[in-house]
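Descriptive analysis of the structure
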Amino acid sequence: MSLDKLVLGFHAVKIAGILANLRQFPTLRPDPAAGPRPRTSLLVPARDEERNLPATLAALCAQPADEILVLDDGSADGTAALVRACPDPRVALHTGTPPPDGWIGKNWACHQLAAAATGERLVFCDADVTLRPGALAALHAEWDRQGADVFSVFPRQVTGTLGERLLVPLIDETLLAFLPHALLRAPVPAAATANGQVLAFTRAAYAAVGGHAAVADQIVEDVALARRTRRCGLRLGLALGGALVGTRMYRGYREAVRGVGKSLRAAHGHRDAALAATAAWHLAAYTLPWLRWDRGGAWRAAALLGLAERLLVNAKTGRGAYAEAALVPVTAPAALPVYALALRRTARWKGREYR
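As a starting point, this report considers the structure included with it. (Residues numbered from 1 in each chain as written. Predicted model: local features only at pLDDT ≥ 70, side-chain atom pairs only at ≥ 80, totals over all residues. Heavy atoms only, no water.)

1. Structural notes on the packing of aromatic side chains
Two aromatic rings are characterised by how far apart their centres lie and by the angle between their planes. Worth spelling out the cut-off: For this analysis, a ring pair means two rings from Phe, Tyr or Trp (six-membered ring only for Trp) whose centres lie within 6.5 Å, classed as stacked if their planes differ by under 30 degrees, edge-to-face if by over 60, and tilted for the remaining angles. Strands here are runs of E lasting at least two residues and helices are runs of H or I lasting at least four, both read from the DSSP assignment and numbered beginning at the N terminus. Only protein chains enter the accessibility calculation, which uses a 1.4 Å probe. A residue is then buried if its area is under 20% of the maximum for its type, exposed if over 50%, and partly exposed in between. The criterion for a charge sitting over a ring is simple: Lys NZ or Arg CZ within 6 Å of the ring centre, and within 35 degrees of the ring normal.
Evaluation of the coordinates by the stated rule reveals nine aromatic pairs. Judged by centre distance (6.3 Å) and plane angle (85 degrees), the ring pair of Phe10 and Tyr286 falls under edge-to-face. With Phe10 in helix H1 (residues 3-24) and Tyr286 in helix H11 (residues 272-291), this pair connects stretches of sequence that are 276 residues apart. Take Phe10 and Tyr286: they sit in the same class, and that class is buried. Taken together through their ring pairs, the aromatic side chains of Phe10, Phe178, Trp281 and Tyr286 make up a single cluster. The lysine or arginine in question, Arg121, covers the ring of Trp143, its NZ or CZ lying 4.2 Å from the ring centre.

So this is what it looks like as structure tokens:
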């Protein structure tokens, strides 16, 4: 089959997946009939989060959680002081210890938080995630509706710079194009995924999968926990955050490259060939059609479908920002530094280096 037809077929598959998820993939919505819930612990690992914590803590305190535990993971800024100053009696600061050999820092922080928590439901929430009023009640409602043991939310991505707009939307696009929500009920191992930004467990499920100790050395710990959940015969649940859960993960292009690059190698099975092939394919699928616009209808159709994918994903997540579609032809070249970072076989994040 010729390259133009392969590229067009690829886009047709992606469009089909996105269209399926426009209808199937749930989005958190306010739950006006919220009643009593199991005792819930909101658990926040925090390392050098002075920039994010004021908004995060205020939002957490607006939720009906029974306790809000923040673990200071060796911060060198004012993270601990901000938590101590919080007047809400449910907020407690825990001072973390350095990770033992073989542990990823965040996994060790979450492990310590789970040991300190008293809730029947454990809701891990990154320090750069903002929960709007009603978010926790909506999370509980959708969690129960899906009958899940382990439940996670993909927040609405907030972007502030051109560099962020080039890279961050790829997270939502990958999820909505390649994981039809219905597959969560099917015995398909590759459909086991989760998002560590907001990742929730029943106490029993956390124990059954082995908690973060079972994935101590995994930099993509959320997917590893999802796969363990499936192997244990437990049920996964997923939802989009919609207007209730949002995050600005990175500030600028360089930070986005480092952030996405630190987990990309693991997502490709630690294989150099897979990384190189993916980078080359995205250039062929998204940039080449525009360079070959006058070489036939298949190239033109592929180019336009690439734009349609971004428009549909932004509509589903509620991000809007439809003008971002104009960035699609240059997104693959802009992502090359991410692949170059992944090929180095080391990842550095928040002062720690991981192999």
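2. Digging into unusual backbone geometry
Backbone geometry at His270 places phi at a positive 60 degrees, although glycine is not the residue there. Within the secondary structure, His270 sits in the loop between helix H10 (253-267) and H11. With a phi angle near 50 degrees, Ala321 is a residue other than glycine that sits in the positive phi range. Mapping Ala321 onto the fold places it in the loop between helix H12 (297-317) and helix H13 (328-343).

3. Focus on the environment of Pro54
In this structure, Pro54 sits in helix H2 (residues 53-61). The sequence separation of Pro54 and Thr79 amounts to 25 residues, and the corresponding C-alpha distance is 9.5 Å.

4. Quick word on the packing of H10 against H13
To characterise two packed helices, one gives the angle between the axes of the helices and the distance between these axes. What counts here: Every axis in this analysis is a line fitted to C-alpha atoms, fitted for helices over the stretch in contact. Angles between the N-to-C directions lie between 0 and 180 degrees. Relative orientations are named as follows: roughly parallel for angles under 35 degrees, roughly antiparallel for angles over 145 degrees, roughly perpendicular for angles from 65 to 115 degrees, and oblique for any other angle. Note on convention: the crossing is left-handed when the near helix lies turned anticlockwise from the far helix by less than a right angle, right-handed when the turn is clockwise. Pairs of residues are marked as contacts when any of their non-hydrogen atoms sit within 4.5 Å. Three residue categories are used. Nonpolar comprises Ala, Val, Leu, Ile, Met, Phe, Trp, Tyr, Cys and Pro, charged comprises Asp, Glu, Lys and Arg, and polar comprises the others, including Gly.
The geometry of H10 relative to H13 is characterised by a closest axis approach of 8 Å and an angle of 45 degrees between their N-to-C directions. Overall, the two elements H10 and H13 adopt an arrangement that is oblique. The crossing of H10 and H13 is right-handed. Residues Tyr253, Val257, Arg258, Val260, Gly261, Leu264 and Arg265 of H10 lie in contact with H13, whose contacting residues are Ala334, Pro337, Val338, Tyr339, Leu341, Ala342 and Leu343. Across the contact of H10 with H13, the residue classes tally to eleven nonpolar, one polar and two charged.

5. Considerations on the packing of H1 against H12
Contact geometry for H1 and H12: axes closest at 9 Å, N-to-C directions at 20 degrees. The orientation of H1 relative to H12 falls into the category roughly parallel. Seen from above, H1 lies across H12 with left-handed handedness. Considering only residue class, the contact of H1 with H12 consists of 16 nonpolar, three polar and five charged.

6. Overview of a nonpolar patch on the surface
Convention followed: Here the term patch refers to residues with relative accessible area over 30% and no salt bridge, with like charges joined within 9 Å and nonpolar side chains (Val, Leu, Ile, Met, Phe, Trp, Tyr) within 5 Å. Note that accessible areas follow from Shrake-Rupley with a 1.4 Å probe, and for residues the cover is restricted to the protein chains shown. Salt bridges are defined by distance alone: a side-chain nitrogen of Lys or Arg within 4 Å of a carboxyl oxygen of Asp or Glu.
A cluster of nonpolar side chains, contributed by Met1, Leu3 and Leu6, occupies part of the molecular surface with about 330 Å² of accessible area. Among the secondary structure elements, Leu6 is positioned in helix H1.

7. As for the pairing of strand S3 (residues 91-95)
What counts here: In short, DSSP must find at least two bridges between two strands for them to pair. Here a crossover is taken to be right-handed if, once the strands point away from the viewer, the path from the first strand over the helix to the second is traced clockwise.
The pairing of strand S2 (residues 67-72) with S3 spans five bridges and is parallel. Among the inter-strand pairings, Leu71 is bridged to a residue of S3, identified as His94. Handedness of the crossover is the feature at issue here: the chain leaves S2, passes through helix H3 (residues 79-84), returns alongside S3, and the resulting connection is right-handed.

8. Brief notes about the sheet that holds strand S5 (residues 129-131)
Within the open sheet, the three strands sit side by side as S5-S10-S7. Their pairing is mixed. Two strands close off the open sheet at either side, each with one partner strand: S5 and strand S7 (156-157). Of the strand pairs in this sheet, S5 and strand S10 (residues 245-247) are connected by three bridges, and their pairing is antiparallel. Looking at S10, one finds that Leu131 is bridged to Val245.

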